[in-house]
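Examining the three-dimensional arrangement
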Amino acid sequence: MKSFSRIFMFVTSLLLLTACVNIPIGDGNKLKISKDGVTFTDDEGDQHKLEVSDDGVKVTDGKTGEEKIDLSEDGLSFKDEKGQEQKITFDQDGEQLVMEGFDDEGHAVGMQMGENVELPKDLPKDIPLTKDAKVSMSTNSNREVIVGYATFEDVADVRALYDDYFKKGKFEAEPEILEQSYDEMYSKNYHGIRADGEISVQVIEIKGEEHGIQVAIHFYKH
């Protein structure tokens, strides 16, 4: 994007015109601006260097040169405290935000947000969705699966769909169901324990809104 490049060119020019300056910013932190870029020194003495170019922004370890953060038109990538790479990218054609990385135990985690997102592969096939479901968010990891979607079916039909599922499904104990209705919102929450995991479903209707019924499915794997 041209506007993206112009912003970075402006910041780069500003840095080139700025003399080498050390700026104390409190709590023992310091900010050094020079022709080589910006170096931030934290209260523990660790340095982090920020470099701006037409291609984007990079943050590296000021001592080792190891890349910590890379921001460009393609997205954002960074390493967490354990050195695991995390990525956030935006698919302009599909208008989707895609996040890929690892959890605390090193297991791969993926999340998608946007229009017409694909269902996560580990969502049990017997969990129902409405026929017109427009999935806007999905998460798939070693521990859990999350799906969020909108439907324009009548709230009574959506409620009947999940009433039937939690009534006839194979659960190890009687599912818990909580229904709440207010002047501006209606919600119905379901929770059940299966042999392969636990499932929670929430159906929400914001009265007066034209965005349809919102449904959230959360499946915890055993």
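About the cut-offs
Residues numbered from 1 in each chain as written. Predicted model: local features only at pLDDT ≥ 70, side-chain atom pairs only at ≥ 80, totals over all residues. Heavy atoms only, no water. Helix = DSSP H or I, 4+ residues; strand = E, 2+ residues; numbered from the N terminus. Buried < 20%, exposed > 50% of the residue type's maximum accessible area, 1.4 Å probe, protein only. Contact = heavy atoms within 4.5 Å. Areas by Shrake-Rupley, 256 points an atom, 1.4 Å probe, with all protein chains shown as cover. Phe/Tyr/Trp six-rings, centres within 6.5 Å; stacked < 30°, edge-to-face > 60°. Salt bridge = Lys/Arg side-chain N within 4 Å of Asp/Glu carboxyl O. Polar contact = N/O pair within 3.5 Å; in protein donor to acceptor, adjacent residues only side chain to side chain. Core = buried A, V, L, I, M, F, W, Y, C linked by side-chain atoms within 4.5 Å.

Quick look at the overall build of the protein chain
- Looking only at helices and strands, one finds 2 helices and 16 strands in the protein chain.
- In the protein chain, buried positions account for 30% of the 222 residues.
- Long-range contacts, defined here as pairs at least 24 residues apart, represent 31% of the contacts in the protein chain between residues at least 6 apart.
- Summing over all exposed atoms, the protein chain offers an accessible surface of approximately 14300 Å²; the carbon and sulfur share of this is 52%.

Some thoughts on unusual backbone geometry
- The phi dihedral of N116 falls on the positive side, at around 50°, and the residue is not glycine.
- Checked against the element boundaries, N116 lands in the loop between β10 (108–114) and β11 (134–140).

A closer look at the packing of aromatic side chains
- The full count for this structure, using the stated rule, is 5 aromatic pairs.
- With a centroid separation of 5.1 Å and 90° between ring planes, the pair formed by Y165 and F166 is classed as edge-to-face.
- Ring centres of Y165 and F171 lie 5.8 Å apart, and the angle between their planes is 85°; on these two criteria the pair is classed as edge-to-face. Just as Y165 is buried, F171 falls in that class too.
- Linked through ring pairs, Y162, Y165, F166, F171 and Y190 together constitute an aromatic cluster.

Looking at the pattern of salt bridges
- In the structure shown here, the tally under the stated rule is 7 salt bridges.
- Its salt-bridge partner being K121, residue D122 comes within 3.4 Å of it at the nearest N-O pair.
- Linking D122 and K221 is a salt bridge whose minimum nitrogen-to-oxygen distance equals 2.7 Å. Taken together, the positions of D122 in the loop between β10 and β11 and K221 in strand β16 (residues 213–221) put the pair 99 residues apart, joining distant regions of the chain.
- Judged by its relative accessible area of 28%, D122 is partly exposed.
- Because the salt bridges share partners, they merge into one network encompassing K121, D122 and K221.

Points about the side chain of S141
- Along the chain, the position of S141 falls in the loop between β11 and β12 (144–151).
- A polar atom in the side chain of S141 sits 3.2 Å from the backbone nitrogen of R143.
- Apart from the residues lying within four places of it in its own chain, the contact partners of S141 are A108, V109, D122 and K221.

Observations regarding the environment of T60
- Structurally, T60 is set in strand β5 (residues 56–61).
- Owing to a relative accessible area of 10%, T60 belongs among the buried residues under this scheme.

Some details on the side chain of R194
- Assignment of secondary structure puts R194 in the loop between β14 (185–193) and β15 (197–206).
- Of the polar contacts made by the side chain of R194, one reaches the side chain of D196; its length is 2.9 Å.
- Once residues within four sequence positions are removed from consideration, R194 is found in contact with P124, D126, I127, Y165, K170, F171, E172, I199, F219 and H222.

Things to note about the nonpolar core
- If you look at the biggest cluster of nonpolar residues, it comprises 22 residues, and the most contacted ones within it are Y162, I199, V201, V203, V215 and I217.
- Of all the elements in the fold, those that place two or more residues in this core are β12, α2 (155–168), β14, β15 and β16.
- At 5 residues, the largest contribution of residues to this core is made by α2.
- Other than its neighbours up to four places away in sequence, Y162 contacts P128, L129, Y149, Y190, V201, V203, V215 and I217.

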